[in-house]
Amino acid sequence: MTLVQNFPALCILLTLVCAVLTSVLKRRSAAVVTGMVLVINLVLNIMALMYTLKTGESYVYRMGHFPAPWGNELRVGVLETGTASVLLLVVLLSYLGAYRRSMQKIEPTKYNLYGVMVDLCVLSLQALIYTNDLFTAYVFLEISTLAASGLIMAKQTGRSLVAGVRYMIMNLLGSSLFLLGVVILYSITGHLLMTPIHDAVAQLAASGEYQIPLDVTVALISVGLGMKSAMYPFEKWVPAAYSNSTATSSALLSSVVSKGYIFLLIKIYVRTIGMPVIESLGITDVIFVFGAAGMIVGSVAALRVRTVRMMIAYSSVAQIGYIFLAIGLGTMEGMMVALWHLLAHAATKSMLFISSAEMDEASGGTHLRKDVQGAFYRSPLAAFAFSLGAANLVGLPLLSVFVTKFMLGQTAVAVGGRHMAATLICLTISTLLNLGYFMSTAMSLYVHDGETGSRRKPDHLVRLSLAGFLALNLVLGFCAAPVYQTLLSGFAVFG
Amino acid sequence: MFSKWLMNYEETAAVILFCIGFSMMLFNRNLIKKIIGMDMMDSSIYLFLASQGYIEGHKAPIVTGGVQSTEAYINPIPSGLVLTGIVVAVSVSALMMALSIRLYHRYHTLDLDKIVALTGREEA
Amino acid sequence: MSDRKSDLPGGRFVRWLNQDQDVLERQMIAAQNREPDSDEEMEEAWRRERFLEDQKEEEVVASRLEALNERKVPVIGRVVYMLGCMLICIAMIMLLLYTVTTLPGFGGEIDPAQNEVPRRYIEQGLQETGALNIVTGMILDYRAFDTLGESTVLFAAAMVVLFLLRLDPESNRYSTLAASIREEPYADTFYEPKNDSILQHTAKILTPVAFLLGIYVVLNGHLTPGGGFSGGAIVGAGLVLHVTAFGFEDIRRFFTYRTYQRTVVTALLTYAFSKTYSFYTGANGIESIIPLGMPGAILSGGLILLLNICVGFIVTCTVYVLYAVFRKGDV
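Nothing here was measured: the structure is a model prediction, and the numbers come from that model.

Conventions used here
Residues numbered from 1 in each chain as written. Chains lettered and ligands numbered in written order. Predicted model: local features only at pLDDT ≥ 70, side-chain atom pairs only at ≥ 80, totals over all residues. Helix = DSSP H or I, 4+ residues; strand = E, 2+ residues; numbered from the N terminus. Buried ≥ 20, exposed ≤ 12 C-beta atoms within 10 Å, placed from the backbone. Contact = placed C-beta atoms within 7 Å. Rg over C-alpha atoms; globule rule 2.2 N^0.38 Å. Nonpolar A, V, L, I, M, F, W, Y, C, P; charged D, E, K, R; others polar. Expected span 1.5 Å × (residues − 1). Core = buried A, V, L, I, M, F, W, Y, C linked by C-beta atoms within 7 Å. pLDDT = per-residue confidence, 0-100. Pairing = 2+ DSSP bridges.

**Q** How should I be thinking about the overall build of chain C in this particular structure?
**A** Looking only at helices and strands, one finds 13 helices and zero strands in chain C. The secondary structure elements of chain C, listed N-terminal to C-terminal, are α-α-α-α-α-α-α-α-α-α-α-α-α. Counting over 331 residues, chain C shows a buried share of 37%. Partitioning the intrachain contacts of chain C with sequence separation of at least 6 by distance along the chain shows that 69% fall at a separation of at least 24.

**Q** Honestly, the overall build of chain B in this entry has me stumped. Any pointers?
**A** What chain B contains, in helices and strands, is five helices and zero strands. For chain B, the sequential pattern of α-helices and β-strands runs α-α-α-α-α. Here chain B has a C-alpha radius of gyration of 20 Å; the compact-globule value for 124 residues is 14 Å, and the former is much larger. Counting only C-alpha atoms and orienting by the principal axes, one finds that chain B spans roughly 70 × 35 × 20 Å. A fraction of 52% describes how many contacts in chain B between residues 6 or more apart in sequence connect residues 24 or more apart.

**Q** It is not clear to me how the environment of Phe 384 of chain A should be interpreted in this structure. Could you clarify?
**A** Residues and elements named next belong to chain A. Note that Phe 384 resides in helix 16 (residues 380-394). Here Phe 384 falls in the partly exposed class, since 17 other C-beta atoms lie within 10 Å of it. Remark: the alpha-carbon pair of Phe 384 and Ala 442, spanning 58 residues in sequence, is separated by 8.8 Å.

**Q** Just checking my understanding: could you explain the interface of chain B and chain C for this structure?
**A** How big an interface is tends to be stated in terms of accessible area lost as the parts join. Tallying the contact residues gives 53 residues for chain B and 52 residues for chain C. For the side of chain B that touches chain C, the secondary-structure elements that each account for two or more residues are helix 1 (2-7), helix 2 (9-27), helix 3 (31-53), helix 4 (76-107) and helix 5 (112-119) of chain B. Taken together, the residues that form the side of chain B that touches chain C break down as 31 nonpolar, 16 polar and six charged.

**Q** Sorry, what's going on with helix 2 (residues 27-55) of chain A here?
**A** The α-helix advances 3.6 residues per turn, and as a result positions three or four apart in sequence lie on the same side. With 29 residues, helix 2 of chain A should reach 42 Å at 1.5 Å per residue; the first-to-last C-alpha distance of 42 Å fits that figure. Two residues or fewer past helix 2 of chain A, Gly 56 of chain A is found with a positive phi of approximately 70 degrees.

**Q** Hey, could you run me through the nonpolar core in this one?
**A** In summary, soluble globular proteins display a tendency toward joint burial of nonpolar side chains. Cys 121 of chain A together with Ala 157 and Val 161 of chain C are the most contacted members of the largest nonpolar core, which has 310 residues in total. The leading source of residues in this core is helix 7 (residues 158-189) of chain A, at 20 residues. Contact partners of Ala 157 of chain C, with chain neighbours within four places excluded, come to Leu 146 of chain A together with Ser 91, Val 92, Ala 94 and Leu 95 of chain B.

**Q** Which parts of the structure should I look at to understand the interface of chain B and chain A?
**A** The interface of chain B with chain A comprises 27 residues on the first partner and 28 residues on the second. Contributions of two or more residues to the side of chain B that touches chain A are made by helix 2, helix 3, helix 4 and helix 5 of chain B. Broken down by element, the residue count for the side of chain B that touches chain A peaks at eleven residues, all from helix 4 of chain B. Residues of the side of chain B that touches chain A, tallied by class, amount to 17 nonpolar, four polar and six charged.

**Q** For this particular structure, what's the right way to read the confidence of the model for chain C?
**A** Reading fine detail from the predicted coordinates is not recommended where pLDDT is low. Residues and elements named next belong to chain C. On average, residues of chain C score 80 in pLDDT, and 81% of them are at 70 or above. The low-confidence segment residues 1-7 (pLDDT under 50) makes seven contacts with residues lying over four places distant or belonging to another chain. The ipTM for the predicted assembly is 0.95, set against a pTM of 0.92.

**Q** Just to check I follow, could you spell out the environment of His 198 of chain A for this structure?
**A** Structurally, His 198 of chain A can be placed in helix 8 (residues 194-207). Look past the residues within four positions of His 198 of chain A in its chain and what remains in contact with it is Arg 271, Thr 272 and Gly 274 of chain A.

**Q** How should I be thinking about unusual backbone geometry in this particular structure?
**A** For residues besides glycine, phi is generally negative; the peptide bonds are generally trans as well. One non-glycine residue, Ala 230 of chain A, lies in the positive phi region at around 65 degrees. One can find Ala 230 of chain A in the loop between helix 9 (211-228) and helix 10 (238-243).

**Q** What am I meant to see in the confidence of the model for chain B here?
**A** In the predicted model, chain B carries a mean pLDDT of 87, and 97% of its residues have values of at least 70. When the elements of chain B are averaged for pLDDT, helix 1 of chain B gives the smallest value, 82, and helix 3 of chain B the largest, 92.

**Q** Sorry if this is basic, but what is going on with the environment of Glu 361 of chain A here?
**A** Within the secondary structure, Glu 361 of chain A sits in helix 15 (residues 332-362). Spatially, the C-alpha atom of Glu 361 of chain A lies 45 Å from that of Leu 180 of chain A, the residues being 181 residues apart in sequence.

**Q** In this structure, what is going on with the pairing of strand 2 (residues 72-76) of chain A? I would like to understand it.
**A** The side chains of a regular strand alternate, first on one face of the sheet and then on the other. All names here are of chain A. Counted residue by residue, strand 2 has five buried out of five residues, so it is predominantly covered. As defined by bridge partners, strand 1 (residues 59-63) adjoins strand 2 across five bridges and the pair is classed as antiparallel. Across the sheet, Tyr 61 pairs through a bridge with Leu 74, a residue of strand 2.

Next up, the structure:
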């Protein structure tokens with residue numbers, strides 16, 4: 001085994017060590033160490049991505065001296081390393097972009113603990129992406145939940161505490177349902193690792209044994225992870241959590257925490273239960289309906305709110321609806337689209353959060369939608385980033401979300417029937433609604449009403465972060481075809 | 001069906017406990033009661049899990065007298081998983097308790113609906 | 001929003017002539033808006049700002065409380081919510097009860113769960129891990145990654161709880177939370193030391209026993225039932241008993257926040273590094289150089305004893321710290 005193959009496991013352990021060390025550091029050094037951890041993780045993951053791209057195969061990394069059904073293991077392929085690299089880049093950029101602001105908002109003597117939570121989020125994200133074991137996934141789900149609740153409550157105002165409570169209650173229900181699902185799956189297959197479960201489930205499906213427990217398991221796991229990642233009827237915690245936390249926290253929550261859960265769900269569908277079994281169970285139809293409802297309801301709610309942060313939060317609900325709609329199509333192509341949108345959405349949404357925080361500050365610390373009018377003349381870079389992100393989410397051609405919509409339509413046509421009609425109708429309505437709220441806000445940024453206030457010079461970290469986000473989004477948009485092809489090749493060795 | 005429930009009595013009990021915990025979380029507005037419900041849910045899952053490893057007449061999996069055969073011991077995996085799970089449940093309830101303390105100090109009530117009403121509308 | 005003109009020499013004078021703003025007042029505003037230099041200044045500024053925000057929030061909450069008390073509670077919404085919850089709960093219990101009837105029978109020997117995985121743990125566990133207690137061998141060697149995650153969960157929870165509840169030692173002047181935790185109505189430590197003689201006598205007898213039992217359970221985790229988690233919890237309970245009986249002043253002589261930090265960091269790092277070693281050697285097919293020892297002896301089981309001790313320290317400290325922070329916001 002070459003050294004590069006060790007990197008995913010080493011990243012996880014290194015992040016853990018740094019999280020522990022950060023807990024005893026002083027404020028500034030804690031911030032620097034956290035930044036360093038993010039950079040190192042990103043570099044190592046990109047190297048692992050290069051390696052997997054070169055070999056084109058996925059490999060299994062044993063965590064210990066014992067092989068598959070006995071010990072824990074990680075599984076590393078193009079898809080895993082690629083997702084981890086993009087999401088880690090997003091984390092790094094969000095961290096840099098809101099670095100100064102979160103330094104001001106968070107109690108100085110406890111800033112090191114905030115660094116620990118960022119580290120733990122990154123740790124659990126990587127563990128969720130790489131793990132090949134359901135129980136390990138549960139343990140890291142809980143770490144992720146705890147760390148994310150810490151991130152939400154970081155401001156320690158009454159509202160953020162309430163947001164934290166609502167987040168925790170919903171997420172703990174979700175974890176419990178997920179664990180119950182895993183336990184039932186264990187009792188009918190006798191395994192916890194994904195690969196042996198896949199074989200056992202295929203056997204069960206062939207013999208027709210234990211059909212009902214299998215059904216219930218898939219339902220419990222889907223609902224559990226759906227609750228945790230803000231699937232439509234369980235999205236009540238989202239607005240409060242996203243709009244009352246610091247900018248870093250909301251960017252991390254929307255880009256990393258919920259995306260890790262969705263990646264795990266895709267992994268369970270494709271690799272653990274297996275697509276043929278999933279198709280025969282019919283659970284995907286329910287997810288399809290939830291996704292479609294989320295697309296519409298999230299957008300309608302976003303139309304009515306008055307603050308920019310809330311608008312972005314509700315638009316997250318709608319975008320996550322897209323992901324679940326794609327999963328709900330129940331085909332491999334649908335999963336692929338879901339995965340693509342996961343990356344595109346993470347990159348775009350974090351950029352929106354960071355740039356809107358910057359614009360709010362330039363407009364005198366307000367959060368209201370009407371107050372950001374003319375923000376382009378106060379902080380041009382942030383306004384440009386915001387409008388690019390908005391245009392992307394609306395579905396401007398040549399950008400990444402357009403690819404999602406296009407591929408989603410194509411996949412739905414291939415599936416045909418009622419799915420096709422529903423998908424196309426929902427896509428149209430949702431795009432129109434998106435146009436309604438995003439474009440009106442983005443246009444108002446450029447309105448010059450004489451009194452635009454003084455121009456604010458963002459510090460170089462913010463500029464670096466926004467430039468990085470713009471580059472990432474443009475790359476995902478313009479180079480969509482090669483990136484998509486790479487992911488597709490990764491999907492071939494995923495299952 | 002009744003005979004099946006009687007046969008799987010431990011799982012049946014676990015499932016009933018799970019639903020009691022679940023409904024406590026949904027019906028109660030009091031934070032502490034919600035936490036209790038959550039703990040019950042977790043514990044019932046561990047009961048369910050532990051019952052998966054039990055084999056009639058076998059002993060706890062600690063090697064005694066050099067006997068190493070599956071005839072003698074129960075399945076050790078669920079026991080280990082329960083051990084891991086308990087710690088997770090403890091951590092989570094510690095966090096929820098801490099949150100309740102903070103909320104109580106600010107709002108002087110544990111009624112979640114009231115607390116939400118006291119924070120006011122989001123966009124004010 | 002800085003005005004360029006006033007920064008020029010003489011600009012201030014021009015402004016003063018125009019009676020825009022008082023020069024002195026301007027300087028005071030500038031001093032307030034200036035970025036604080038040192039960490040102490042920053043902390044002080046944060047506390048001051050926080051105090052004002054807290055006060056504002058308290059007022060808003062108080063005014064809302066009045067409005068809330070006057071308002072009628074909407075009954076219909078509540079009833080609809082209850083009915084919905086009832087439906088969900090009934091559906092849930094029906095579904096799960098039905099699932100139970102289709103599961104493999106309780107206590108059977110040929111369940112799907114009794115396959116080659118537990119067979120190897122039982123038949124070869126002693127030879128491969130060196131632990132008589134198969135469960136300990138399983139969680140600390142075969143499935144060690146899970147258990148590392150489990151210690152991390154505990155660590156994460158402790159960090160979030162400390163974030164929420166640990167009071168800044170300097171915050172007395174400002175924080176209302178600090179005041180309310182340290183002052184009369186809520187602070188149960190206010191009346192310390194309690195000097196309850198029954199409690200103190202019991203604690204004198206029980207604390208050493210709890211410590212010894214806990215240490216025994218930790219050290220024999222690979223031989224008898226128990227291990228780091230259970231033993232650590234027992235020792236932690238001993239510490240809690242001691243605090244309840246003799247007060248925080250007494251325990252501060254040997255256990256402070258620094259002790260907690262040092263112990264947990266050392267233990268977790270030792271744990272993480274030793275597991276990194278075994279993961280690395282395992283994945284790369286290198287023989288581990290750690291001897292398994294004589295099965296049944298106290299010094300056996302490879303890394304398991306060391307890991308159990310680390311976990312024991314983590315759990316002990318975390319249990320005590322959670323208790324202390326809950327009670328008075330500090331260790």
